[in-house]
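Coordinate analysis (summary)
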Amino acid sequence: MRRRPNYLAGLGALLWLALVGLPLYVMLGATVQTREEYSAGGPLAFPRSFTLDNYIQDFGNGFGQYFLNTVVVTVSVVAIVLLLVPPLAFTIVRNRGRGTSGVFRLFLLGLAIPAQAVIVPMFYVISKAGLYDNLIGVILPTAAFCLPVCTLILTGTMRDITSDLFEAMAMDGASVRRTFFQLVLPLSGSGLSTIVVFSALQAWNGFLFPLVLTQSEETKVITLGLYNFRTQYGINIPGLLAAVVLSTIPVLLVYLFARRALVQGLMGVGGK
Amino acid sequence: MVSLTATVTGKRQTQRPAGRSIGRPGLAWALPATIFFALFAVVPLVLVAVLSFTTWSGLGSPEYAGFDTWARVFQDPVMIKSLWLSVLLTVLGVVVQTPLSILLGVWAAGPQRNRAVLSAIFFVPLLLSATAVSVLWRALLDPNFGVPSQARWLFGDGNLFGTQTAAIGVLVFVSTWQFTPFHALIYQGATRAIPQVLYQAAQIDGAGTVRQFFHITLPQLRNSIITSMILMIVGGLTTFDTVLILTQGGPGTDTTISAYYMYDKAFKGFDFGAGAAVALMLVVVATVISLVVVRVSGYDKMAGTKEGL
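Residues numbered from 1 in each chain as written. Chains lettered and ligands numbered in written order. Predicted model: local features only at pLDDT ≥ 70, side-chain atom pairs only at ≥ 80, totals over all residues. Heavy atoms only, no water.

Details of the environment of Leu22(A)
Within the element layout of this structure, Leu22(A) appears in helix H1 (residues 7-31). Distance from Leu22(A) to Leu44(A), taken between C-alpha atoms, is 8.7 Å for residues 22 residues apart in sequence. (Helix = DSSP H or I, 4+ residues; strand = E, 2+ residues; numbered from the N terminus.)

Concerning the UniProt feature "domain: ABC transmembrane type-1" (unreviewed entry) in chain A
When the UniProt feature table is mapped to this numbering, "domain: ABC transmembrane type-1" (unreviewed entry) covers residues 67-258 of chain A. Helix makes up 78% of residues 67-258 of chain A and strand 0%, with an end-to-end C-alpha separation of 22 Å. (UniProt positions renumbered as here; feature names shortened; annotations may be inferred.)

A short note on the confidence of the model for chain B
Here chain B averages 82 in pLDDT, and 87% of its residues register 70 or above. Predicted confidence for residues 1-19 of chain B stays below pLDDT 50, and this span has 22 contacts to residues more than four positions away or in other chains. (pLDDT = per-residue confidence, 0-100. Contact = heavy atoms within 4.5 Å.)

Some thoughts on the interface of chain B and chain A
Reports often express the size of an interface as the amount of accessible area lost when the parts come together. Opposite the 89 residues of chain B that make contact, chain A presents 91 residues. Of the roughly 8300 Å² buried at the junction of chain B and chain A (both faces included), carbon and sulfur atoms supply 77%. Our count for the contact surface shared by chain B and chain A stands at 0 salt bridges. The biggest single contributor to the side of chain B that touches chain A is helix H2 (residues 31-51) of chain B, with 13 residues. In terms of residue class, the side of chain B that touches chain A is built from 62 nonpolar, 21 polar and 6 charged. (Buried area = accessible area lost by both parts, 1.4 Å probe. Salt bridge = Lys/Arg side-chain N within 4 Å of Asp/Glu carboxyl O. Nonpolar A, V, L, I, M, F, W, Y, C, P; charged D, E, K, R; others polar.)

A few points about unusual backbone geometry
Glycine aside, the phi torsion of most residues is negative, and most peptide linkages are trans. Residues and elements named next belong to chain B. Look at glutamine 248: it is not a glycine, yet its phi comes out positive at around 50°. Note that glutamine 248 resides in the loop between helix H13 (241-246) and helix H14 (258-268). Under the relative-accessibility criterion, glutamine 248 is labelled partly exposed at 36%. Here phenylalanine 270, not a glycine, exhibits a phi torsion of approximately 55°, which is positive. Mapped onto the secondary structure, phenylalanine 270 falls in the loop between H14 and helix H15 (272-297). (Buried < 20%, exposed > 50% of the residue type's maximum accessible area, 1.4 Å probe, protein only.)

Comments concerning the UniProt feature "transmembrane region" (unreviewed entry) in chain B
All names here are of chain B. The UniProt record marks residues 26-53, 83-109, 116-140, 160-179, 225-246 and 272-294 with the feature "transmembrane region" (unreviewed entry), using the residue numbering of this structure. End-to-end, the C-alpha atoms of residues 116-140 are 28 Å apart, and along that stretch the chain is 72% helix and 0% strand. With 86% helix and 0% strand, residues 225-246 has its two end C-alpha atoms placed 29 Å apart.

What to know about the UniProt feature "transmembrane region" (unreviewed entry) in chain A
All names here are of chain A. The UniProt feature table records "transmembrane region" (unreviewed entry) at residues 7-28, 66-85, 106-126, 138-158, 179-204 and 235-258. Span residues 66-85 is 100% helix and 0% strand, its end C-alpha atoms 28 Å apart. Between the end C-alpha atoms of residues 106-126 the distance is 23 Å, and the span holds 62% helix and 0% strand.

Section: the side chain of Ser258(B)
All names here are of chain B. Within the element layout of this structure, serine 258 appears in helix H14. Within the local environment of serine 258, its side chain forms a polar contact with the side chain of serine 82, the two groups lying 3.2 Å apart. Polar side-chain contacts of serine 258 include one of 3.5 Å to the backbone nitrogen of leucine 83. Residue contacts for serine 258: discarding those within four places in its chain leaves Ser82, Leu83, Ser86, Val278 and Leu282. (Polar contact = N/O pair within 3.5 Å; in protein donor to acceptor, adjacent residues only side chain to side chain.)

As for the packing of aromatic side chains
Under the defined criterion, the tally for this structure stands at 31 aromatic pairs over all chains. With 5.5 Å between their ring centres and 80° between their planes, Phe67(A) and Trp204(A) make a pair best called edge-to-face. Pair noted here: Phe67(A) is in helix H4 (residues 63-94) and Trp204(A) is in helix H10 (residues 189-205), with a separation of 137 residues, a long-range link. Pairing Phe240(B) with Tyr263(B) gives two aromatic rings, centres 4.9 Å apart and planes at 65°, and the pair type is edge-to-face. With Phe240(B) in the loop between helix H12 (222-237) and H13 and Tyr263(B) in helix H14, this residue pair connects regions lying 23 residues apart in the sequence. Residue Phe240(B) shares its accessibility class with Tyr263(B), and that shared class is buried. Among the aromatic residues, those joined into a cluster by ring pairs are Phe123(A), Tyr124(A), Tyr132(A), Trp56(B), Phe240(B), Tyr260(B), Tyr263(B), Phe267(B) and Phe272(B). Taking the ring centre of Phe166(A) as reference, the NZ or CZ of Arg94(A) above it sits at 3.7 Å. Between Arg138(B) and the ring centre of Phe161(B), over which it is positioned, the NZ or CZ distance is 4.1 Å. (Phe/Tyr/Trp six-rings, centres within 6.5 Å; stacked < 30°, edge-to-face > 60°. Lys NZ or Arg CZ within 6 Å of the ring centre and 35° of its normal.)

Notes on the domain arrangement of chain A
Residue and element names in this part refer to chain A. Each assigned domain of chain A is listed with its residue range as follows: domain 1 (7-51) and domain 2 (55-271). In this structure, domain 1 and domain 2 have C-alpha centres spaced 32 Å apart. At the junction of the two partners, domain 1 supplies 8 residues and domain 2 supplies 9 residues. With both sides pooled, the region where domain 1 packs onto domain 2 buries about 750 Å², and carbon together with sulfur makes up 77% of that total. A per-residue breakdown of the area domain 1 buries against domain 2 is headed by Met27, Thr31 and Arg35, which together make up 65% of the total. Taken together, the connections running from domain 1 to domain 2 amount to 1 residue pair in polar contact (both at pLDDT 80 or more). For the side of domain 1 that touches domain 2, the element with the highest residue contribution is H1, accounting for 4 residues. In terms of residue class, the side of domain 1 that touches domain 2 is built from 4 nonpolar, 3 polar and 1 charged. (Domains from an automatic or database assignment.)

Some points on the environment of Arg24(B)
Here Arg24(B) lies in the loop between helix H1 (2-7) and H2. Residue classification places Arg24(B) among the buried residues on the basis of a relative accessible area of 13%. C-alpha separation for the pair Arg24(B) and Thr54(B), spaced 30 residues apart in sequence, amounts to 46 Å. From its side chain, Arg24(B) meets the backbone oxygen of Arg94(A) in a polar contact 2.5 Å long.

Quick word on helix H11 (residues 209-220) of chain B
Residues and elements named next belong to chain B. Along H11, the residues classified as buried are Gln212, Phe213, Ile216, Thr217 and Gln220. Burial along H11 is one-sided: seen end-on, the buried residues are contained in an arc of 125°. Across H11 from its buried face, at more than 90 degrees, point the exposed residues Val210, Arg211 and His215. On the buried face of H11, the contacting elements are helix H4 (77-108), helix H9 (164-192), helix H10 (196-204) and H12. (Arc of directions from axis to C-beta.)

Examining the pattern of salt bridges
Enumeration according to the criterion identifies 4 salt bridges over all chains in this entry. A salt bridge links Glu217(A) to Lys220(A); its shortest N-O distance comes to 3.2 Å. The class of Lys220(A) is buried, set by a relative accessible area of 7%. Close ionic contact of Asp76(B) with Lys265(B) constitutes a salt bridge, the shortest N to O distance being 3.9 Å. Taken together, the residues Asp76(B) in the loop between helix H3 (68-74) and H4 and Lys265(B) in helix H14 connect sequence positions 189 residues apart.

In structure tokens form, the structure reads like this:
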């Protein structure tokens with residue numbers, strides 16, 4: 001059946017396109033202009049010159065260090081999540097004991113805890129543990145707050161493994177460990193990639209924990225760097241926006257090459 | 001991991017029915033994750049309640065203060081105001097974002113090819129961190145070098161951070177810009193899951209696009225609307241980075257919402273007891289509202305939308 005084109009929807013879509021596209025255009029345009037040109041022409045003017053000085057200046061102001069710190073945090077958080085969540089999800093799916101449902105309920109409850117609610121005690125715990133202003137002190141809570149969503153995603157994937165396969169493994173006398181490594185893990189690929197992307201994004205974009213748990217230049221992550229640049233740069237808007245662009249490049253690369261995994265990771269449980 | 005070896009069952013125990021207990025992991029497999037989570041999420045949640053009954057300046061040890069901290073918090077007019085502002089911002093966020101994201105999500109769920117391309121651009125705000133979004137808009141709306149200074153016919157004196165109304169408008173606008181794509185994605189997925197039979201039946205009955213939207217799409221999206229609204233409410237009540245970067249709670253304390261008030265009290269005013277009290281209040285309020293939404297909507301009864309199909 002043919003439907004007439006929906007002009008109203010098209011108009012709305014165009015409006016949203018402008019609302020999203022314009023700021024992105026201004027951002028990219030500003031970063032390739034000199035400061036003087038941006039101040040003179042304003043944000044909406046088309047850039048007449050092309051310079052990468054703004055980006056170079058960011059690296060001169062410590063962006064490289066921030067980038068490195070963020071990579072360390074992100075890789076560590078993903079590693080912790082990958083180490084802890086698969087055995088947990090495997091137990092929740094395959095263990096029928098009463099303790100298991102209690103554990104699952106604990107993580108479901110965890111979904112409702114906002115990070116904002118625990119920054120005060122987290123500051124207390126991390127300070128007492130001597131991890132204040134240490135990247136480890138950022139990594140541990142960030143990873144912990146990824147666990148509920150990742151557990152939910154991965155149990156969803158593992159539930160789809162049919163029980164025939166488990167029975168076949170048991171017939172062969174496979175140990176729990178073999179079942180885990182040779183059946184469960186290979187068949188959980190999509191769930192695993194989703195939790196990797198999800199936790200990586202959480203770590204990469206994390207702001208609150210680094211803000212209250214670190215203070216020195218050596219432990220600064222990118223988001224904090226952006227926050228600092230905003231006050232430090234003052235009227236140097238091209239330099240500031242260049243840092244915003246730089247902070248997004250890795251995510252953009254993942255978006256281009258692994259769009260499905262990224263979107264699923266972004267959605268977390270929201271997509272379920 | 002010592003206990004792991006203990007759960008490994010003996011080879012070929014044929015007397016036990018296969019698949020019942022063989023190859024099933026013991027609880028020990030869940031232990032590392034559970035302990036880790038308890039340590040860094042559950043313990044702090046308990047501690048936040050404990051700390052709200054103490055005074056602590058960040059150095060030394062917290063001292064028991066009974067209900068003094070709570071009394072002090074509730075006597076602060078800024079705190080009371082911050083609660084109202086949080087509720088106001090949350091309600092505005094839900095009211096603005098819900099219709100927008102439903103329309104956008106339903107639109108993006110359409111089969112046309114140009115929609116796939118456009119959607120890819122539509123969802124770009126999702127790729128930016130909350131910090132990046134706030135920094136970007138702060139720069140774009142800068143009173144001296146931003147868009148408002150260029151379009152005075154629209155923005156008056158160009159300072160969008162100077163009055164309460166304008167500042168709240170900015171906060172609502174920026175969170176809408178940032179989060180609408182996320183909620184639209186929820187609706188896109190849910191819309192695609194609506195059985196086509198329903199639309200075919202409606203078309204045979206002569207229902208137009210608009211009627212189909214209100215009588216099929218919207219009712220079918222009910223569960224997603226509730227999910228998305230709960231996420232918006234919890235997200236709205238705990239909004240923090242946006243306020244810190246865009247308005248710093250100003251002008252004055254006119255956009256000091258509770259989450260920002262908590263941060264300000266604890267980490268700027270070094271009154272960690274008061275910060276903990278506000279934090280606890282936020283958790284309770286967010287949980288209660290979510291539960292109420294779930295109960296009122298009947299979401300907990302898991303009413304399916306596919307009955308009779």
